[in-house]
Each structure stands twice: as structure tokens, then as C-alpha cells.
Amino acid sequence: MRPFRYEHAADREAALQAGRSAAAAAGEAHVRAPVQYLAGGTTLIDLMKLDVMRPEVVVDINGLARQHGEIRSGPDGLQLGALVRMADAAEHPAVRRDYPVIAQSLELAASQQLRNMASLGGNVLQRTRCNYFRDVTWAACNKRAPGSGCAAIGGPDRGMAVLGVSEHCIANYPGDFAGALAALGATVDIEGPGGRRVIPFEELHRLPGDTPHIETNLAPGELITGFSVPAGPWTRRSLYLKIRDRQSYEFAIASAAVALDLDAGVVREARVALGGMVAKPWRSHEAEAALRGHPLTEGSAQAAAAAAFAQAVVHGEDRFKPELGRRTLVRALLQCAAMEI
Amino acid sequence: MADDAGRPTGGLIGQPHVRIDGRLKVTGQARYPADEPLANPAYAYLVISAISRGRVAGMDLAATKATPGVIDVLTHENVGQEVKPPMGPDGKPTTTTLESDQIWHDGQIIAVVLAETYEAAREGAYKVVVRYAAEAPSATFDSPGVEVEPLKANETRHDPAKGDAAAAFAAAPVKIDARYDTPIQHHNPLELFSTTCVWEGPKLTIHEGTQNLYWLKGSVAGQLGLDLADVRTISRFVGGGFGSKGAPTSRTAWIAVAARRLKRPVKLVTTRDQGFTIATHRAETRHHLQLGATPDGRLTALVHEGWEVSSRPSSYNVSGTATTARMYACPNIATKVTVVHADRNTPGFMRAPPDTPYMFALECGMDELAYALGKDPIELRRINDTQTDPVSGKPYSSRSLMKCFDAAAGKFGWAKRDPKPGSMRDGDWLVGYGCATACYPCNIGPAAARLSLTPKGKATIQLAGHELGTGAYTLLAIVVADRLGLQVDDVQVMMGDSDLPPVPGAGGSNNAASTSNVAAKACEAIRQRLAMAAVRTNAGIFAGVDPATLTLVNRALVGPDGRSEPLETAASRVSPGAIEAHVENVPQGLPPDAAAALYHGRASLLRGQSREDVTAFAFGAQFVEIRVHRRTCEIRAPRAVAAFASGTIVNPLAAHSQYQGGAIWGIGSALHEQTEIDLRTARYVNHNIADYLVPVNADIGEVDVIFVPEEDHEVNPLGVKGIGEIGIVGMNAAIANAVFHATGRRIRKLPIRIEDLL
């Protein structure tokens, strides 16, 4: 870790003021931006210790919990403040009852200690676990050092992405909660030097393309203040299925966030997002379209899974991942259809 | 209760006892080496190489030296001549560090940054710019450029063989011919590798978590050219070792040099990722196994060939064929081991080093043979059970293998198993049962101890033993209390300091046997002095009685007729203060210089598979239930049962934990653990414990342990066989066999993962 200046923002205005200097100082690369917001710190501090991130100024935004630390559930949907802790959202009775996919995605992530610290806003911005990114002694990492290449391609790639990858980056987006937000069509509340804006959650993260160092569509100095999840007849029949080598405290090797609105077994609406092998939080409109209007059966679930992974790109050890992803989605859909609500 | 000589004992050996150091540990008061308070320490941070083969062409240290708080940087250029390289785990040359510009492997120590704070040292280390002259490295088996070295027999290693195995295999009516692979594994003990060095004049004190105080002391003295008497190693508690802290490694001498340069204590605590390359690991292995059998299941041929990876300069190997050749009655045996040298750090000891990988091959092969014969796997082992070492023809000191199988099978519910693969289900989960033999040779070494007993009945035993979390302190308190007629709480145990009498390193499951037998011998020396004084006095009740018949029971000296006198009375005849004994115990069969070598940190063990009189192994049987999801193929192990027969169990409470820990590690070994290597660069990539997986609580269900009673009068006077390693040995194969039973898929490599079963 390198020395940095620590600032505490008492409220949103103070944070944005600090963020303005970030806007002035920043280049394009998110990872090496000189000003960083600090909430739970579960990603930032880790990466600072590893020397991956080297901020000059760290702006503690935990004071914003007074303005953006609430969970509100109503007929229109669910509002989640960015400073809500993962554990608090996972344990919230309305979230558990009406949005089980959200509660499960949070509960199956990390450990209780981490969930107690990590904020929802920070969680969706969690950085990849790609070891070539996290170990700075690898010279080639386009995400960390733009233009340097990708050491991960051709290396052990069991943990890498197969959907949305490019020849410049195959890093996997590791989060779980983001899958639930993507599936449910959530929006993101953003405040920044340019004012307030709301964007679909699906548009928050960017595909790596030839600019893997630009990870999101957040402008320098912008701050996520919350998420809105619209109500819908599908949210109660929803679940998050996470597949991993061990039973707990591990990132997904495959995951599926699914929500269904069924009418006598026929899919009126389906929501599908995939994880564990995706370059960014991955809503599968292809899978949803394949299900809509069809009875939810093994066959239609298989067809949806085939559609979801039609564009998968594999390199080596990761060759099994599309098949595992398909099986994960089929299992999730059938389990979801069988839910008693 | 009576011991071998028919003398009654205190009845404490074999009774469960809570750890005497448990409170210290759970309240944070147990002082681990990095916890030692120091006056004005400087802090060290290691710079390690980012290439695996080549040379350090140069370093730019300007930014490092300009970092506030940085004091000094050690490199091969300024200190390279001050240290002789340490020997590897096998006592032979190994890779070097700052001695030269040469880079042998990924993550090799190439500089040490010294600073006023840990944070400044780390920041300074991050700012070191290294220029490399890199060469193309060889990563592992099959990589271009590896050197292949078929091992030869010598004084210490043999390739067990008898009969004509090739011909017997060719003629066998039923055959298994299969290849197996095991991965690179790292110990990752909770306590990070640390070293603190303090000089007082010519005397060097080293605080370092170690499994071998005297070896570390002797190694550093030799490396720095110091008088052995001027080096002291202290390690009162070790936060887990598993073999990783068994042999001296390079870092220690450099921290000593740093402390000498700075004329102040220097403390190094390495990071988790550095631990993957500055210490040792379990190397990847390959196996070719051929089993031949008659249609009724009798083995006629066993051919086991192994390949192991090591570093360029070291031929360290585990040669587990010494175990697999001895498991079952077989008239024709051939074995061979080959070391493949790559650009890697030297491997070393890791729980049951030879047995864990080699028994995976043999015990999977036995399961395959059972299926080929249409026999129950337990019955196949029963048919081939033996009380005679098939290689040497010597009797086993004791072998209760089938008792273990029968006890564990009953508890596990093996009878409910439908042997047909894929036949058992629970909803969406395929269910499989598997079993395997566990074993470990019984090793014992020379050891010394100092014991004192006060007239009030308080005893103190001192020896340079090692507490790795195994309950070593408690073990000695139990033995001394038992033999001196005291309560466990009356005994103080002092260990973890090379100023105390030497014992072998804690490894190879020798600790309980070596230390308990020397402790018992020290107790016997004190009993004899009390008894002699009592029978020689004219005034006492024991005047003229045979001193051999007097025993210490319940703080009294007791005669054969039941008369007794208080310990205080008996002791006051010998000394008005404490009675002291210093004893050395050299087990019969060790060379004459064994005691002298012990003081130099070169303890030679009497090994269970190479004794003159008997072959001595502990045995066990391990059973596992595996569940595999029929769609997504996650593999879970909700249930394990194991039975072990390991001679005298001094403290069943600690032994139960040790056995359970072995089984739990076995679940990790078979299903989770694997160090991934980048084949292009020979670098480890998952060098952290988020990506190097070990089981978490949610992965472990029931782990039942059965103690099969066993008295062994041959193995050593107390009949202690040792339990440290055996708990893991059968697990790899038991799990692979259960996976086959659940799915019909025979996976011959570890770890077994989702993608193997899709």
C-alpha cells in the first residue's frame, strides 16, 4: 500500500465536491483513478494492499448512509440506498418475501463479516478476481495497464468469462447481486458533477471490447446513490442459483438469477441473468425471448439455455463452462417454476 | 492398568484431557513467534522474483531508498557473500536466493527491504524496479526443457521389489492398468511464515514458527559460520505447520544478516502469496499402477511407478512406493520413482508426504480391481490382508487393518450400499459410498529431556518440543503425571526453545512416540532414585524392599503390599529441593552417533518400514459418502467415518481432533485444493486463499472417528504409534471411489471437480 490522503465526506454534497477534483484529475482508466470513494472497503482496500490500486485521495462516503442508507418497499417497487449493507438488504423481510432473488444473491455472496461491511453501491462495482489483474507482477493486463496486453488469455482460465469477452480481456465479473438487479430490470441512481441521472442497471457496466480499463459508464467523480427495482408479477417467483466448488464463501463458477411470471405453466414473462462466466453483469434477453409464451418445461428451459450461451467464447480449461452454464440455467428455471408462492 | 514391565501406571494415559494450553490460545495469550515484544525493531518486507528462470540483471532502488522510513535494502550485491545456502528438506543442495543473481523459480527472494515500519517496508518493496535477464522456464511434467532423473537406490532409499512382477502381471487373469495424477498443493497454515532475529553481542536469537528448533538452529549457525552455542531458536507455539515449517528455508539467515547490519532486531512477516514460493509445497505426482490378480481376488502382481516434480538443483522426492509395496500380500512387486526437474521451488514435507499421493493411486486401483473382480472392496482387502511385510518378510509389529474396516463399515452403514455405480439417489443428488485403506509408518527418534519433581508433587518437564496445534504440551503433562503419580495440572511443560534438551522435529508422526518415551524414561529415573533412597534407609517402611517394586501413585511411594509413604517424605531423602533428571533416549536400531547428531539438529528417525526387527505401521479404514448433483455436478461430502488402530493413544480427545482434521483435509485434498500454474511462465497464479480453495465449515458434515483398541509391544516401550499423518491418507481414494460409485465416472486425478463429471 502506498500513502494516500483520507477525506471524510459528511454528506452527498461534500462527497461530490471531492469527486469534482477527481473529475479534473482523472484520465480514462478507472482502476488507477487518483481519487476513489470508500464505502465498505472490501474491494478497494484489498486492491490497495496488493498495489493494484494506488489512489492519492480516498473519500470516505460512509457518512452518506443518512441520506442513502434506506430500504423502501412499496407498490411501485423496491428502493435500495447505495450505503445499505449487503447483510441488511439480505435480511430485510420485504426483500426476502417479494424479491427472493435479491436476498439470495446477497446471502450467497462472500462471508457474513464481509456482508456486514460491504455496501450495495460498492458491491456492484466489485472488481474482477482475475489473478493476472490482481497480481501486479504480471506486466500484461489491459484493465490495469491499458495497452499492455492480456496475460490471462492462454493461462489457466477456469475462472474466466466466456460471455462478453474480447481479445483484450477475458476477466470475469465476480458479483452475485448484480445478476439479480440485471434480471429484474433495475435502474441506478447516479449523482455527479454533471448532476443527477438515472440509467438502466444493464447499462452501468461496459463490455471490455478494446477498452477493458473503462469498466463502467460512470464518469469520473460520479457516485451511485441507490437502485430502484420495479415491481412486477415475476419478482416473488424468483431465485438465485449459485454453483461453486465448495458450499460457501466462494465466487460462482456459474450462476443464474431467474424470475418467472407463469400463467397455468405458460411463461408470461421471464427474467434471466447469468454469472460466474460473464465479462459484465449479464442479462440474457435471448433466454427470456425463448421462454416467453411457452410452457416452462425441461425442453423450453433447454432451448432458453442454448440461446443464452450461443455466443460463448472459450479458450482452454474453460471449455466446460458453457455446458455448466446451460445446466445451471435449466436447473434454476425448473426450480423457479416449482416454487410455491 | 499396567505398563509393559507390569508396573501399575497412574491410569491417565488413554484418558481424554482438555488442552493445558487451551485457555492461553483461546484468550490470545499464547505467544506466537511474531508476537514477541521487541525493543526498537525494524521491519522487513521481501521482494520476490516475477520470473522463473534467469538472472537479476539489475535493480533500480532509487525510489525505494527515497521512501520515508526505508533504512536499507539487501540484495545479492551487498550481502550475497555473507551466507552459505541452506540445504533442502532432504539435506542436500537446493535453490538459492540472495547468494547470487540466479533465479531458480517464481517468487524467489531477490531483495529484502528494511524500514522503520511494516508499511514503509512494503511501500519501498513495491517501488523496487527489477530488470531481468529471463530465460524460457519449464513448468512441470511434459514442459520442454525438464530434466528427467530416474532415481537409484542408495543407503536411505530403496525401490521395493520381489519376484518377477512383469511376468506375473502379463500372466494375471484379472488386471488393472491405470494412471493417476495428483496436483501441486500448498499447506497455507494460518500463521504466516515469519522470522524475527535479535543479536546480543555474538549471540543470535531467532523467533520463528518451526517444526524443528534444533535443525533451524544448526542450519543458521552453519550458514552464518556461527558457533552452534551462539544460536538460539524459540518457537513456543506454531500456528499450524503441516510440514511447511519442517525444514529450514532461506529467509531466516537473511533476516539475521539484516539485524546484524542494522544493529537492532528485525522482524519479517511474509504475505500469504509469498508463502507459496518462499517455503515448500507438495509437488505434483504421476503414477502408473498395474495390479494383477487371480479370479478369486488374490494379488499376483503389483507394479507401481511414480514421477515427482522437483526444482533444478534438488532431487527431493517422497517415493511413496515404500508404503504401497507393503500394503497387501503379493508375491511379485516392482517399483520405480523418477524425479522431473523443472524451474520450480523445491517441494517438501506435507502431511503424509509419500503416502497421500501414492496411496491415492493404490487405493483407487484396489477399488477398480474390486469392480473388475465383482467383489466388495472391503473383501478384496481382506483377501489380501497380511501380518507379514510382503517386501521384507518381517512381521508387522501389529496390524489391525481389517478390524478397522469392519468397525468403520458397521458405523458407516456400508451394508446398505448397492455396489452398482449410479444406483443410489436422493432426489436430484446421486449418492456414492467409497472406502480406502489409510496407513502411516511408525517413526521414533532419539530425544532428550530434563525433568524435576518437588517434594510437594509439582513436576516440570523441559524439552525442545513443538506445539503445532496437535496438543504436544498436554501429551507430555499426561505422560509425566501418569508416571509420577500426579495430576495433569501438577505438571508444567516447557517446550519451544533450543536452550532446552533436543528432540526430533515434529514430523513424520514421530513426536508423540519420541517425546512420550523420553518423558517416561525421565520419570523412571526419578522413580528409581526415590525407590533406591527409600529401600536403603533404615528408618522407612520400605527398608530392604526390592526397589523395582515401588511405584508412584497419587503423590505417594507405594510398595507391592499396598503400604505407602507420602511423596514428600520419600523425596526429602533424595533432595531438600527438587529432584532432577536429565535423560536421553536412543531407540534401539539407531546408529551409535544418533544422540550426538541430535544436538546438531540432525535427528535420525527409526522408520517403521526399515527396522531390523519388525515392520511398524499404523492402519486405518476411511469411508466417505459423496453426493453429486445430477444436473450441475457439484460434489459434496456430507459424511465420513474412519477407524484407526494406532497403538497407545495418550490423549483420545486430542487424537479425535487430529483424526477429524485429517479427514477434513482429505475432503479438501480430493475436492478443492490445487495450486494452479501458468505453463508458459512456470508461475503460480492462485496464490491466495480465496482462489486456493480449502473446505469451509459448510462443506463438512459428520466426521465420525472410531478408535480401534490396539496394544503394540514391539513398536516402542509405550506402544505409541503416532497419529499425525494417517488421518488424511485414505481420503483421496475413498472420495474418488465414492464418486465412481455415485456416477460411474472413474476420475484418476485430483482434485475432482464439476467439469470432470459434466
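Keep in mind it's a predicted model, so treat the numbers as computed, not measured.

Conventions we followed
- Residues numbered from 1 in each chain as written.
- Chains lettered and ligands numbered in written order.
- Predicted model: local features only at pLDDT ≥ 70, side-chain atom pairs only at ≥ 80, totals over all residues.
- Heavy atoms only, no water.
- Helix = DSSP H or I, 4+ residues; strand = E, 2+ residues; numbered from the N terminus.
- Rg over C-alpha atoms; globule rule 2.2 N^0.38 Å.
- Contact = heavy atoms within 4.5 Å.
- Areas by Shrake-Rupley, 256 points an atom, 1.4 Å probe, with all protein chains shown as cover.
- Lys, Arg positive; Asp, Glu negative; His and termini not counted.
- Charge placed at Lys NZ, Arg CZ, Asp CG, Glu CD.
- Pairing = 2+ DSSP bridges.
- Axes fitted to C-alpha atoms, helices over the stretch in contact; angles between N-to-C directions.
- 1 Å grid on protein atoms, 1.4 Å probe; cavity = no way out; pocket = protein on both sides within 12 Å on 5 of 7 lines; lining within 4 Å.
- Points joined across faces, edges and corners; volume = space filled by probe spheres on them.
- Nonpolar A, V, L, I, M, F, W, Y, C, P; charged D, E, K, R; others polar.
- Parallel < 35°, antiparallel > 145°, perpendicular 65-115°, else oblique.
- Left-handed = near helix turned anticlockwise from the far one by under 90°.
- Buried area = accessible area lost by both parts, 1.4 Å probe.
- Salt bridge = Lys/Arg side-chain N within 4 Å of Asp/Glu carboxyl O.
- Domains from an automatic or database assignment.
- Polar contact = N/O pair within 3.5 Å; in protein donor to acceptor, adjacent residues only side chain to side chain.
- Buried < 20%, exposed > 50% of the residue type's maximum accessible area, 1.4 Å probe, protein only.
- Phe/Tyr/Trp six-rings, centres within 6.5 Å; stacked < 30°, edge-to-face > 60°.

Caption draft 1: Layout of the overall build of chain A. Across its full length, chain A holds 13 helices and 12 strands. On C-alpha atoms alone, chain A measures out to a radius of gyration of 19 Å, which is about the 20 Å that the 2.2 N^0.38 rule sets for 341 residues. Counting only C-alpha atoms, chain A reaches 60 × 50 × 35 Å along its principal axes. Residue pairs in contact within chain A that sit at least 24 positions apart in sequence constitute 64% of those at least 6 positions apart. Put simply, chain A shows about 12600 Å² of open surface, and 51% of that area lies on carbon and sulfur atoms. Positive and negative side-chain charges of chain A, numbering 37 and 37 respectively, have mean locations separated by a distance of 2 Å.

Caption draft 2: Layout of the sheet that holds strand β10 (residues 203-207) of chain B. All names here are of chain B. Across the sheet, which stays open at both edges, the 7 strands sit in the order β3-β5-β1-β12-β9-β10-β11 with mixed pairing between neighbours. The open sheet has two free edges, formed respectively by β3 (70-75) and β11 (231-234), since each of these has just one partner strand. If you compare each strand with its neighbour and ignore which way they point, the axes differ by 20° on average. Summarising the sheet, strand β9 (residues 194-200) and β10 pair through 5 bridges and their orientation is antiparallel. Its bridge partner lying in β10, E200 is registered against K203. Along the sheet, helix α6 (residues 213-224) makes contact with β9, β10 and β11, crossing β11 at roughly 145°. Packing of helix α7 (residues 251-262) onto the sheet brings it into contact with β1 (42-48), β3, β5 (109-115), β9, β10 and β12 (266-269), and relative to β9 it is tilted by some 40°.

Caption draft 3: Up close: the layout of surface pockets. In this structure, the second largest pocket encloses a volume near 700 Å³. Considering the residues around the second largest pocket, the lining is formed by 27 residues, among which E317(A), P183(B), Q674(B), I677(B) and L679(B) are closest to the centre. Elements with a contribution of two residues or more to the lining of the second largest pocket: β8 (174-182), β13 (285-293), β27 (677-678) and α20 (754-757) of chain B. Class assignment of the residues belonging to the lining of the second largest pocket gives a composition of 8 nonpolar, 7 polar and 12 charged.

Caption draft 4: A look at the packing of helix α13 (residues 472-484) of chain B against helix α14 (residues 511-536) of chain B. Residues and elements named next belong to chain B. Packing of α13 against α14 leaves a shortest axis separation of 9 Å and a crossing angle of 30°. Classified by the angle between their axes, α13 and α14 sit roughly parallel to one another. Crossing geometry of α13 relative to α14 is assigned as right-handed. Residue-level contacts link A472, L475, L476, V479, V480, R483 and L484 of α13 to N511, A512, T515, S516, A519, A520, C523 and I526 of α14. When grouped by side-chain class, the residues that make up the contact of α13 with α14 number 11 nonpolar, 3 polar and 1 charged.

Caption draft 5: Seen up close, the interface of chain A and chain B. Each partner contributes to the interface: chain A provides 36 residues, whereas chain B provides 38 residues. Note on chain A versus chain B: buried area summed over both sides is about 3200 Å², and carbon and sulfur give 51% of it. When the area that chain A buries against chain B is broken down by residue, the three leading residues are R246(A), R327(A) and R331(A), summing to 20%. On the surface where chain A and chain B come into contact, there are 3 salt bridges. For E634(B), the salt bridge is made with R331(A), and the minimal N-O distance between the two is 3.1 Å. Of all the secondary structure elements, the ones that give two or more residues to the side of chain A that touches chain B are α9 (131-134) and α13 (321-337) of chain A. The dominant element in the side of chain A that touches chain B, judged by the number of residues it contributes, is α13(A), at 7 residues. By residue class, the composition of the side of chain A that touches chain B is 15 nonpolar, 7 polar and 14 charged.

Caption draft 6: Representation of empty space enclosed by the protein in the model. This structure, assessed with the given rule, holds 11 cavities of 30 Å³ or more. In this model, the largest cavity occupies a volume close to 460 Å³. Along its surface, the largest cavity is lined by 26 residues, and N131(A), R158(A), G159(A), M160(A) and D691(B) are the ones closest to its centre. Each pocket or cavity is described by its volume, and for the second largest cavity that value is around 220 Å³. Looking at the second largest cavity, it is lined by 21 residues, and the ones nearest its centre are T94(B), T95(B), T249(B), S250(B) and I278(B). Here the residues of the lining of the second largest cavity sort into 8 nonpolar, 13 polar and no charged.

Caption draft 7: Structural detail: the domain arrangement of chain A. Residue and element names in this part refer to chain A. Along its sequence, chain A is carved into domain 1 (5-63), domain 2 (66-124 + 174-230) and domain 3 (238-337). Relative placement of domain 2 and domain 3: their C-alpha centres are 21 Å apart. Contact with domain 3 buries area across many residues of domain 2, yet L108, A183 and E202 alone supply 29% of it, more than any other trio. The closest approach of N and O atoms between E202 and R283, which form a salt bridge, is 3.5 Å. Counting every contact that joins domain 2 to domain 3 gives 11 residue pairs in polar contact (both at pLDDT 80 or more). The element that contributes the greatest number of residues to the side of domain 2 that touches domain 3 is helix α10 (residues 177-183), accounting for 5 residues. Among the residues forming the side of domain 2 that touches domain 3, the class breakdown is 16 nonpolar, 7 polar and 3 charged.

Caption draft 8: Just the pattern of salt bridges, in detail. All names here are of chain B. A complete count under the given rule lists 77 salt bridges over all chains for this structure. Put simply, E116 and R264 hold a salt bridge, and the shortest N to O gap is 3.0 Å. One end of the pair, E116, is in the loop between β5 and α4 (118-126); the other, R264, is in the loop between α7 and β12, and 148 residues separate them in sequence. For E116, a relative accessible area of 41% gives the class partly exposed. Exposure remark for R264: the relative accessible area of 14% places this residue in the buried category. A salt bridge links E305 to K336; the shortest N-O distance between them is 3.8 Å. Of this pair, E305 sits in strand β14 (residues 299-310) while K336 sits in strand β15 (residues 333-341), and the two are 31 residues apart along the sequence. Note on K336: relative accessible area 39%, which makes it partly exposed.

Caption draft 9: Inspection of the sheet that holds strand β6 (residues 129-134) of chain B at higher detail. All names here are of chain B. Strand order in the open sheet made by the 3 strands is β4-β2-β6, with antiparallel pairing throughout. Each edge of the open sheet is held by one strand with a lone partner, namely β4 (102-103) and β6. Summarising the sheet, strand β2 (residues 54-60) and β6 pair through 6 bridges and their orientation is antiparallel. When the sheet's bridge partners are listed, V56 is paired in β6 with Y132.

Caption draft 10: Just the domain arrangement of chain B, in detail. Residue and element names in this part refer to chain B. Structurally, chain B comprises domain 1 (22-29 + 444-599), domain 2 (33-135 + 192-238 + 245-278) and domain 3 (352-443 + 611-757). One C-alpha centre belongs to domain 1, the other to domain 3, and the line joining them spans 36 Å. Taken residue by residue, the interface counts 16 residues in domain 1 and 16 residues in domain 3. Summed over both sides, the interface between domain 1 and domain 3 buries roughly 1200 Å², with carbon and sulfur atoms accounting for 59% of that surface.

Caption draft 11: Representation of the packing of aromatic side chains within the structure. Counted by the stated rule, this structure contains 22 aromatic pairs over all chains. Aromatic side chains F177(A) and F227(A) sit 5.9 Å apart centroid to centroid with 90° between the ring planes, which places their arrangement in the edge-to-face category. Here F177(A) is found in helix α10, whereas its partner F227(A) is found in strand β8 (residues 223-230), with 50 residues between them in sequence. Ring centres of Y396(B) and F619(B) lie 5.6 Å apart, and the angle between their planes is 80°; on these two criteria the pair is classed as edge-to-face. Of this pair, Y396(B) sits in the loop between α11 (377-383) and α12 (401-412) while F619(B) sits in strand β25 (residues 617-629); the two residues are 223 residues apart in sequence, bridging distant segments of the chain.

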